[in-house]
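Chain residues, written in single-letter form:
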Protein chains: 2
Amino acid sequence: MRWPNGFIAVDWGTTNRRAYRLDPAGACTAEFEDGQGVLSVEPGRFPDAVAEIRRRLGDLPLLLAGMVGSNRGWVEARYVPCPAGLDDLATNLVWPGEREAIVPGVSFVGDGRADVMRGEEVQLLGAAAAGRVPADALVCHPGTHNKWVVVEDRRIASFRTVMTGELFNLLRKHSILSDLLQGNAEPGDAFAAGARHGLDQDDLTSDLFAVRARVLLGTARREDAASYASGLLIGSDVRIGLGGKAPGTTFVMGRPDLARLYAAAIREAGGDAIELDGEQSFLSGIQAIATRI
Amino acid sequence: MRWPNGFIAVDWGTTNRRAYRLDPAGACTAEFEDGQGVLSVEPGRFPDAVAEIRRRLGDLPLLLAGMVGSNRGWVEARYVPCPAGLDDLATNLVWPGEREAIVPGVSFVGDGRADVMRGEEVQLLGAAAAGRVPADALVCHPGTHNKWVVVEDRRIASFRTVMTGELFNLLRKHSILSDLLQGNAEPGDAFAAGARHGLDQDDLTSDLFAVRARVLLGTARREDAASYASGLLIGSDVRIGLGGKAPGTTFVMGRPDLARLYAAAIREAGGDAIELDGEQSFLSGIQAIATRI
């Protein structure tokens, strides 16, 4: 590794950033999280935002991942095409300065589809490098834009994004369903019924409206609406992600509350789901990239 | 008819209202449209809003349809269950005063589904009464919430709502696709490609994200994004509406720009589409209800 004194790893997303100081052995010795996501940094002010990270964690080299490498970030780091492993990410780092590197995103074009990810790749490949997922695995990474990722030989072979999280948030904040969706989605009976419908039927844009109709007509309980609608969207997502194949084991990595819901829907589909911690996998992945610099 | 001097018909929706003065023969002799939808009227102020209509169109009885009969309107007019014809609507009018009547909405519970409509029923049954659609017909009524309506013997036998219009607006206003969807959706090649995908595939929540990925990766043109996404949503809507049956003739009634897009997607599915004017059908329907009072 080119950085004998360790470095600072930053997972820099659209609305948040998480920074970790890693010692030469890869142990995290300090960290912080704040709301200074990419969208809150004015164009041209990234050097200041980076200087602030160093003031808080020390004057060390920085390895940055996430939307900081998008066209709205500091410097654009172009997508690396699938199949993409840690070597490919390390080879295609973009260097805004001598002591700052940005990890590229990953793209997939094939099967008549096109897709992109930026940020998840470090976690995914970190989990594979650390042995938390096997060398060949199906990984589901819930978030604003859920990713279904086929890992082959510890590389990202292909993936597919489903915008479930964003749609649920749009419906909750701005739609005719808004007042019905204010409750928390919980993996109980109502969630399972929604997931079952989403897994079996392909009428999502119709059954979403029915969430309201059923409450108006008294055939469903108002307090079940958020869990049912969440189940419906996630069930539909799992149907797309499994792609008609017999469900085996899926590794679910992401925010624990979301991972729990996705795991419940995967089990409803007859598959096995293993929930994983995303933060540890990010640290494994970013460390593995740093050792390749 | 109880109203020998004619009456005022009002199509009073969530954000707009349209009022028509109809003479005893049913001819429209004056009309206006404004933005005083139900949501702009404060609770308790509907008598004032009604008085204003009379100041503009004359001191006549009023027959009101639409969201004015919802729980956010003047007085709630409960849903009439399917099958519902003009007689059923007329029998279940709700009378806030001696000279004001509100048309009820229609509900459907069956096939494991539940659904509601409020406002469209007058247009639909008006079209059937006036012979613009046959006594047995499939009618598609695009809008914020598109309705697929099975008309049997001039009554609404069943229907299904698809919230396509609202979803497209949410995506255009608030989502990660927002900047890509500002253009107008037009029924050309990009719309047809989207419609084809929506008709054939059931991965809507994934292919919506791909709209952005394809532009980022250069495999689709930015200026086609709005038409493609509109085609994708409407194609998926038509797939749900046709319900796997061989497509025959669908009557499409609603805003002309939307009707044109739905007609294009229905033709893409191999069906025939006949576009109808909604306003004339509303007047036929409301007149037919008035004669039953």
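Predicted, not measured: the structure shown is a model, and the values here were computed from it.

Looking now at the pairing of strand E14 (residues 272-276) of chain B. Bridge count between strand E13 (residues 249-253) of chain B and E14(B): five bridges; the pairing is parallel. Within E14(B), the position partnered with Thr250(B) by the bridge is Ala273(B).

This part takes up the sheet that holds strand E4 (residues 62-66) of chain A. All names here are of chain A. Taken together, six strands build an open sheet; the order of strands is E3-E2-E1-E4-E7-E6 and the sheet is mixed. Here the strands that pair on one side only, and so sit at the sheet edges, are strand E3 (28-34) and strand E6 (94-97). Pairs of neighbouring strands in the sheet enclose a mean axial angle of 20°, with direction left out of account. Of the strand pairs in this sheet, strand E1 (residues 7-12) and strand E2 (residues 17-22) are connected by six bridges, and their pairing is antiparallel. Across the sheet, residue Ile-8 finds its bridge partner in E2, namely Arg-21.

All right, on to the environment of Val211(B) then. All names here are of chain B. You can see Val-211 is positioned in helix H6 (residues 204-216). C-alpha separation for the pair Val-211 and Arg-132, spaced 79 residues apart in sequence, amounts to 38 Å. Once residues lying within four places of it in the same chain are set aside, the contact partners of Val-211 are Leu-177, Leu-180, Ala-225, Tyr-228 and Ala-229.

Let us look at helix H1 (residues 46-57) of chain A. All names here are of chain A. Taking 1.5 Å of rise per residue, the twelve residues of H1 would be expected to cover 16 Å, and the 17 Å separating its terminal C-alpha atoms lies within 8% of that figure. Three or more residues of H1 are buried, namely Val-50, Ile-53 and Leu-57. Seen from one end, H1 has its buried residues packed into an arc of 50°, which puts them on one side. The exposed set on the far side of H1, more than 90 degrees from its buried face, consists of Pro-47, Asp-48, Ala-51 and Arg-55. Residues of H1 that are buried make contact with E1, E2, E3, E4 and strand E7 (100-102). Gly-58 occupies a position one or two residues after H1 and carries a positive phi of about 115°.

Next up on the list: the interface of chain B and chain A. Contacts between chain B and chain A engage 34 residues on the former and 34 residues on the latter. Going through the elements one at a time, strand E8 (106-110), strand E9 (113-117), strand E12 (155-162), helix H4 (164-174), H6 and helix H7 (225-242) of chain B are the ones with two or more residues in the side of chain B that touches chain A. Among the elements that make up the side of chain B that touches chain A, the one with the highest residue count is H6(B) (nine residues). When grouped by side-chain class, the residues that make up the side of chain B that touches chain A number 16 nonpolar, ten polar and eight charged.

This next bit is on the relation of the copies chain B and chain A. The transform that puts chain B on chain A rotates by 180° and translates by 0.0 Å along the axis, for an RMSD of 0.0 Å. What we have between these two chains is a two-fold relation. Here 100% of the interface residues in chain B have copies in chain A that are interface residues too; the copies meet face to matching face.

Each α-helix winds once per 3.6 residues, and so residues spaced three or four apart point in a common direction. Residues and elements named next belong to chain A. End to end, helix H5 (residues 189-200) covers 16 Å across twelve residues, agreeing with the expected 16 Å (1.5 Å per residue, within 8%). Considered for burial, the residues of H5 that qualify are Ala-190, Phe-191, Gly-194, Ala-195, Gly-198 and Leu-199. Burial along H5 is one-sided: seen end-on, the buried residues are contained in an arc of 165°. What points out from H5, more than 90 degrees from its buried face, is the exposed set Asp-189 and Asp-200.

Let's shift gears to the environment of Pro104(B). All names here are of chain B. Following the sequence through the fold, Pro-104 ends up in the loop between strand E7 (100-102) and E8. For Pro-104, a count of 22 C-beta atoms within 10 Å gives the class buried. Ignoring anything within four residues of it in the chain, the contact list for Pro-104 reads Gly-69, Ala-77, Arg-78, Tyr-79, Val-80, Leu-89, Asn-92 and Val-94.

With that settled, consider the confidence of the model for chain A. Looking at chain A, pLDDT values average 96 and 100% of them are 70 or higher. Here the prediction assigns the complex a pTM of 0.95, and the interface score ipTM is 0.93.

Within a sheet, adjacent strands bond to each other through the backbone by hydrogen bonds, running parallel or antiparallel. Residues and elements named next belong to chain B. Here three strands make up an open sheet; going across it, the order is E5-E8-E9 and the pairing mixed. The open sheet has two free edges, formed respectively by strand E5 (80-81) and E9, since each of these has just one partner strand. Inspection of the sheet shows E8 paired to E9 by five bridges, in the antiparallel sense. Residue pairing across strands places Val-109 opposite Ala-114, the latter belonging to E9.

The rules behind these values
- Just so you know, the residues in each chain are numbered from 1, in the order the chain's sequence is written.
- Labels are handed out in written order, letters beginning with A for the chains and numbers beginning with 1 for the ligands.
- The predicted origin of the model limits local features to residues at a pLDDT of at least 70 and limits the giving and counting of side-chain atom pairs to 80 or more, whereas totals for whole chains, interfaces and linings rest on all residues.
- Strands are labelled as partners when DSSP assigns at least two bridges between them.
- Secondary structure follows DSSP: runs of H or I at least 4 residues long count as helices, runs of E at least 2 residues long count as strands, and numbering of each begins at the N terminus.
- Simply put, an axis is a line fit to the C-alpha atoms, just over the touching stretch for a helix, and the angle between two N-to-C directions goes from 0 to 180 degrees.
- The contact criterion used here is simple: two residues whose C-beta atoms, placed from the backbone, lie within 7 Å are in contact.
- Multiplying 1.5 Å by the residue count of a helix minus one yields the expected span of that helix.
- The burial label depends on the number of other C-beta atoms within 10 Å of a residue's C-beta. Counts of 20 or more mean buried, 12 or fewer mean exposed, and intermediate counts mean partly exposed, with C-beta atoms placed from the backbone.
- Directions drawn from the helix axis to the C-beta atoms are what define this arc.
- Under the scheme applied here, ten amino acids are nonpolar (Ala, Val, Leu, Ile, Met, Phe, Trp, Tyr, Cys and Pro), four are charged (Asp, Glu, Lys and Arg), and all others, including Gly, are polar.
- A least-squares superposition brings the copies together, and it is based on the C-alpha atoms of residues with pLDDT no lower than 70 in both.
- The predictor attaches a confidence to each residue, and that confidence, scored 0 to 100, is pLDDT.

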